[in-house]
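As a plain string of letters, each chain reads:
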Amino acid sequence: KNRFKIPANFREDVGTKVYLIRSPYAERCIFLYSEEGWNELYLQFNKGEEYNHATLRKQRKILSGVVCGEVDKTGRLTLNATLKEYAGIVDSVQLVGNNKHIEIWSPEEWLGETDFFEEASTDDLNINF
């Protein structure tokens, strides 16, 4: 039925109204934002050069695919067919918390991503662990 359950530890932060977009990067995953998180992100679009054609095209790329969703009382969220196909999701999803959003991956795509970051350095983050 194209639904998945958001884990309890994410639900409180997510709330009931969520926004879903295709990753603006090369990775094939979906970014899930809470209503508050989406509003913060959306404000950043208003800081761009409104009449710059290149900026407008980039904004269209991201904003034209926004899907508003609702988490039901049991913590389930329905994923529309377009986003599901984009991310290569068939039967199950891998949810990954990432700072201000949650990423929704197909398990296969996520496995490929973990292969990448196992080799990548984190030195440039300037974070003392």
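Remember, it's a predicted structure, so these values are computed and weren't measured experimentally. (Residues numbered from 1 in each chain as written. Predicted model: local features only at pLDDT ≥ 70, side-chain atom pairs only at ≥ 80, totals over all residues. Heavy atoms only, no water.)

Draft legend 1. A look at helix 2 (residues 35–45). Along helix 2, the residues that are buried comprise Gly-37, Trp-38, Leu-41 and Phe-45. Relative to the axis of helix 2, the buried residues are bounded by an arc of 95° and lie together on one face. Residues Glu-36 and Leu-43 are exposed on helix 2 and point more than 90 degrees away from its buried face. Residues of helix 2 that are buried in the fold lie against strand 2 (17–22), strand 3 (30–34) and helix 3 (53–63). (Buried < 20%, exposed > 50% of the residue type's maximum accessible area, 1.4 Å probe, protein only. Helix = DSSP H or I, 4+ residues; strand = E, 2+ residues; numbered from the N terminus. Arc of directions from axis to C-beta. Contact = heavy atoms within 4.5 Å.)

Draft legend 2. Focus on the packing of aromatic side chains. All chains considered together, the criterion is met by 7 aromatic pairs. Members of the aromatic cluster, joined through ring pairs, are Tyr-19, Tyr-25, Phe-31, Tyr-33, Trp-38, Tyr-42 and Phe-45. (Phe/Tyr/Trp six-rings, centres within 6.5 Å; stacked < 30°, edge-to-face > 60°.)

Draft legend 3. Spatial organisation of the packing of helix 2 against helix 3. Running from amino to carboxyl end, helix 2 crosses helix 3 at an angle of 160°, the nearest separation of the two axes being 11 Å. As judged from the angle between their axes, helix 2 and helix 3 are roughly antiparallel. Between helix 2 and helix 3 lies a crossing of left-handed hand. Across from Trp-38, Tyr-42 and Phe-45 in helix 2, the residues of helix 3 making contact are Gln-59, Ile-62 and Leu-63. Of the residues contributing to the contact of helix 2 with helix 3, the split by class is 5 nonpolar, 1 polar and no charged. (Axes fitted to C-alpha atoms, helices over the stretch in contact; angles between N-to-C directions. Parallel < 35°, antiparallel > 145°, perpendicular 65-115°, else oblique. Left-handed = near helix turned anticlockwise from the far one by under 90°. Nonpolar A, V, L, I, M, F, W, Y, C, P; charged D, E, K, R; others polar.)

Draft legend 4. Spatial organisation of the sheet that holds strand 3. With antiparallel pairing, the 5 strands of this open sheet are ordered in space as 4-2-3-7-6. The two strands at the open ends of the sheet, each matched to only one other strand, are strand 4 (67–70) and strand 6 (94–98). Ignoring which end each strand starts from, the neighbouring axes of this sheet average 30° apart. In the sheet, strand 2 pairs with strand 4 via 4 bridges, with the strands oriented antiparallel. Across the sheet, Val-18 pairs through a bridge with Gly-69, a residue of strand 4. Strands in contact with helix 2 are strand 2 and strand 3; relative to strand 3, the strand with the most contacts, it is inclined by about 105°. (Pairing = 2+ DSSP bridges.)

Draft legend 5. Geometry of the side chain of Glu-113. You can see Glu-113 is positioned in helix 5 (residues 107–119). For the buried Glu-113, no salt bridge is present, and the opposite-charge side chain at shortest range is Arg-28, 12 Å distant. (Lys, Arg positive; Asp, Glu negative; His and termini not counted. Salt bridge = Lys/Arg side-chain N within 4 Å of Asp/Glu carboxyl O.)

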